[in-house]
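The residues making up each chain are set out below.
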Amino acid sequence: MSDQWFAELYEASYRRIVVGTYGLVGDIGEAEELAQEAFAIAYSRRRRVRTTDNPEAWLYTVAINLARRRWRRRNTLDRLLRRETPPQPVESPEDWTGEHLELHAAIKKLSYEHRAVVVLHYLADMPVDEVAAALAIPVGTVKSRLARARAALATSLGAHREVENA
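Residues numbered from 1 in each chain as written. Predicted model: local features only at pLDDT ≥ 70, side-chain atom pairs only at ≥ 80, totals over all residues. Heavy atoms only, no water.

Taking an unreviewed UniProt entry as the reference, the protein chain is identified by name as RNA polymerase sigma factor belonging to Kibdelosporangium persicum. The heading Sequence similarities (unreviewed entry) in the UniProt record of the protein chain holds the text "Belongs to the sigma-70 factor family. ECF subfamily." (UniProt positions renumbered as here; feature names shortened; annotations may be inferred.)

Right, let's talk about the environment of Val62 for a bit. Tracing the backbone shows Val62 in helix α4 (residues 55–81). Considered as a pair, Val62 and Ala42 are 20 residues apart in the sequence and their alpha carbons are 8.5 Å apart. Apart from the residues lying within four places of it in its own chain, the contact partners of Val62 are Ala38 and Ile41. (Helix = DSSP H or I, 4+ residues; strand = E, 2+ residues; numbered from the N terminus. Contact = heavy atoms within 4.5 Å.)

Here we come to the pattern of salt bridges. Counted by the stated rule, this structure contains 5 salt bridges. A salt bridge links Glu56 to Arg16, with the nearest nitrogen and oxygen atoms 2.7 Å apart. In this pair, Glu56 sits in helix α4 while Arg16 sits in helix α1 (residues 4–25), placing the two residues 40 residues apart along the sequence. Overall, the relative accessible area of 36% leaves Arg16 in the partly exposed class. For Glu33, the salt bridge goes to Arg70, with nearest N and O atoms at 3.3 Å. You can see Glu33 sitting in helix α2 (residues 28–44) and its partner Arg70 sitting in helix α4, a full 37 residues away along the chain. Residue Glu33 is classed as partly exposed on the basis of its relative accessible area of 42%. A network of salt bridges, in which partner residues are shared, links Glu30, Glu33, Glu37 and Arg70. (Salt bridge = Lys/Arg side-chain N within 4 Å of Asp/Glu carboxyl O. Buried < 20%, exposed > 50% of the residue type's maximum accessible area, 1.4 Å probe, protein only.)

Our focus in this paragraph is the nonpolar core. Membership of the largest hydrophobic core comes to 46 residues, with the highest contact counts inside it found for Leu59, Leu120, Met126, Leu135 and Val142. Sorting the residues of this core by element identifies α1, α2, α4, α5 (98–109), α6 (112–123), α7 (128–135) and α8 (139–165) as the ones contributing at least two each. Among the elements that line this core, the one with the most residues is α4, at 9 residues. Apart from residues no more than four positions distant in its own chain, Leu120 is found in contact with Tyr60, Ile64, Asp125, Met126, Val131, Ala134 and Leu135. (Core = buried A, V, L, I, M, F, W, Y, C linked by side-chain atoms within 4.5 Å.)

It is worth spelling out α1 at this point. Between the first and last C-alpha of α1 there are 30 Å, a value that for 22 residues agrees with the 32 Å anticipated at 1.5 Å per step. At Ser13, α1 shows its maximal kink, close to 45°. Here α1 has its buried residues at Trp5, Phe6, Leu9, Ser13, Tyr14, Ile17, Val18, Gly20, Thr21, Tyr22, Gly23 and Leu24. (Expected span 1.5 Å × (residues − 1). Bend = angle between axes of the 7 residues up to and from the residue.)

A few words now on the packing of α6 against α7. At their nearest, the axes of α6 and α7 sit 9 Å apart, and the two run at 135° to each other. Between α6 and α7, the interaxial angle falls into the category oblique. In terms of crossing hand, the pair formed by α6 and α7 is right-handed. Contact residues: Ala116, Val117, Leu120 and His121 in α6; Val128, Val131, Ala134 and Leu135 in α7. In the contact of α6 with α7, the residues fall into 7 nonpolar, 1 polar and no charged. (Axes fitted to C-alpha atoms, helices over the stretch in contact; angles between N-to-C directions. Parallel < 35°, antiparallel > 145°, perpendicular 65-115°, else oblique. Left-handed = near helix turned anticlockwise from the far one by under 90°. Nonpolar A, V, L, I, M, F, W, Y, C, P; charged D, E, K, R; others polar.)

And the structure:
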């Protein structure tokens with residue numbers, strides 16, 4: 001089997017996987033590591049990945065599961081060390097606008113379940129059915145989480161704007 005197919009998958013999907021995982025973890029370095037690890041796993045299983053209906057969705061699922069595993073380990077370690085705050089993410093890129101930073105800050109405040117659907121649907125531009133497949137949840141659950149997340153974001157961003165205008 002030619003590795004050309006995998007190289008094309010990497011070229012077409014890497015940035016979207018990084019953006020999607022960044023929305024979950026809030027740290028660009030960690031997002032890149034998760035994407036690279038997901039691609040390494042995919043390469044070791046490339047025959048199976050090639051036969052899936054949507055290899056990119058498979059990669060998202062792997063990256064999300066890796067992020068979830070890291071989050072659980074970090075929380076366990078925090079509890080063991082009796083720390084009250086989780087590790088702070090690195091600073092955001094300097095060229096981001098204030099609105100971009102506000103949006104990412106608001107997304108980080110969402111629960112993991114709501115953040116995952118928002119990131120995959122809006123930032124990674126995945127259709128609802130692919131988000132459902134990537135997260136192994138029903139389509140209706142994705143839709144309800146998106147609606148609740150949008151309401152929470154509207155409240156969070158609206159409150160922030162009211163403070164600015166006061």
